[in-house]
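Listed here are the chains, written in short residue letters.
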Amino acid sequence: TENFQVAIDGPASAGKSTIAKILATDFKYVYVDTGAMYRTITLAANKAGLAYEDEKKIIALLPKITIRFEPDPFMQRVFLNDEEVTNDIRSTEITNNVSLVSSYAAIREDLVKRQRNIADSQNVIMDGRDIGTTVLPNAQVKIFLVASVSERAERRYKENIAKGMTTNLVDLKADIELRDYKDSHRKISPLVQAKDAILVDTTGQKIEDVVSEITKIIKNNQ
Ligand code: C5P
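Residues numbered from 1 in each chain as written. Predicted model: local features only at pLDDT ≥ 70, side-chain atom pairs only at ≥ 80, totals over all residues. Heavy atoms only, no water.

**Topic: the nonpolar core**
Basically, it comes down to this: Nonpolar cores were defined as sets of buried Ala, Val, Leu, Ile, Met, Phe, Trp, Tyr and Cys residues, with membership established by side-chain atoms within 4.5 Å. Note on exposure labels: buried denotes an accessible area under 20% of the residue type's maximum, exposed denotes more than 50%, and partly exposed covers the range between, all computed with a 1.4 Å probe on protein chains only. Helix and strand assignments come from DSSP, with helices taken as H or I runs of at least 4 residues and strands as E runs of at least 2, each series counted from the N terminus. Note on definitions: a residue-residue contact is assigned when non-hydrogen atoms from the two residues lie within 4.5 Å.
Judged by nonpolar contacts, the single largest core of 35 residues is most densely connected at I41, I58, I107 and L136. Of all the secondary-structure elements, those providing two or more residues to this core are α2 (34-47), α3 (55-61), β3 (67-70), β4 (77-80), α5 (98-101), α6 (105-120), β6 (124-128) and α7 (131-135). A per-element tally of this core places α2 first, with seven residues. Beyond its immediate chain neighbours, meaning those up to four positions away, I107 contacts Y38, I41, I58, I59, L62 and V101. One finds I8, A24, I125 and V211 within the second-largest nonpolar core, a separate group that totals 20 residues.

Spelled out as structure tokens, the structure:
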């Protein structure tokens, strides 16, 4: 591939999007949040009044769904057709059902195509679960970002408080563990570290230190 591709995969709330956004700004690459795409499909199913178990009807929505990102230095804005869904896709309802919807083969095929199309025409930093293994197998840099589950739950807890959402740490930790379990055990492109990915453990690390560690890796591969 001529374009430069950075793949960042890892479990829920490991800091992927925070780190990827900073790197994308520094390197002037396009940031692609693939989790937001799976969340948008899940939200579209909810808005259409479908059960998350109704694979066929959810798949039938795909041709009518446009997912668009608008860059924003702080919070990238996400649009489902013409409607902004930036905040709605982060609700507990969507978070707790996205793993089921993203396990459907036709959903994954459709979104992988959209993700590859974006990466075809520009340099990207893409984060998700299967970027290094499936979406961009030839990415020049592959990072597998992890952190302890207690630290991930605490980070998410603080984020929620800042947003004015009330949640408790015990539930958050259980939700994260369950989502990781589902994402790692599904049949199609489960969450797994690619053989050629570099493991970065962010437990107890400052964001700026993780950013500079990955910056070095990118520069060494350019
Ligand atoms: O990254 P984020 O936590 O927003 O992802 C939400 C969910 O979308 C994941 O838990 C997973 O079920 C699904 N996902 C996926 N493949 C990706 C990105 C996200 O299956 N590449």
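**Side note on the site of the ligand**
Formally: We call a residue near a molecule or strand when any one of its heavy atoms sits within 4 Å of it. We define a polar contact as two N or O atoms separated by no more than 3.5 Å, with the added condition that, inside protein, one atom must be a possible hydrogen donor and the other a possible acceptor, whereas residues neighbouring each other in sequence contribute only through side-chain atom pairs. Only the protein chains shown count as cover for residues, with accessible areas throughout obtained via the Shrake-Rupley method and a probe of 1.4 Å. Ten residues, namely Ala, Val, Leu, Ile, Met, Phe, Trp, Tyr, Cys and Pro, are considered nonpolar, four, namely Asp, Glu, Lys and Arg, are considered charged, and the remaining ones, Gly among them, are considered polar.
Taken together, 16 residues lie around the ligand, and R39, R108, D130, D183 and R186 are the ones closest in. Note that an oxygen atom of the ligand is positioned 2.6 Å from one of the side-chain N or O atoms of D183. In the complex, 96% of the free accessible area of the ligand, which totals 450 Å², lies under the protein chains. Among the secondary structure elements, those contributing two or more residues to the shell around the ligand are α2, α5 and α9 (169-185). Sorting elements by how many residues they give to the shell around the ligand places α2 first, with four residues. Considered class by class, the residues forming the shell around the ligand number three nonpolar, five polar and eight charged.

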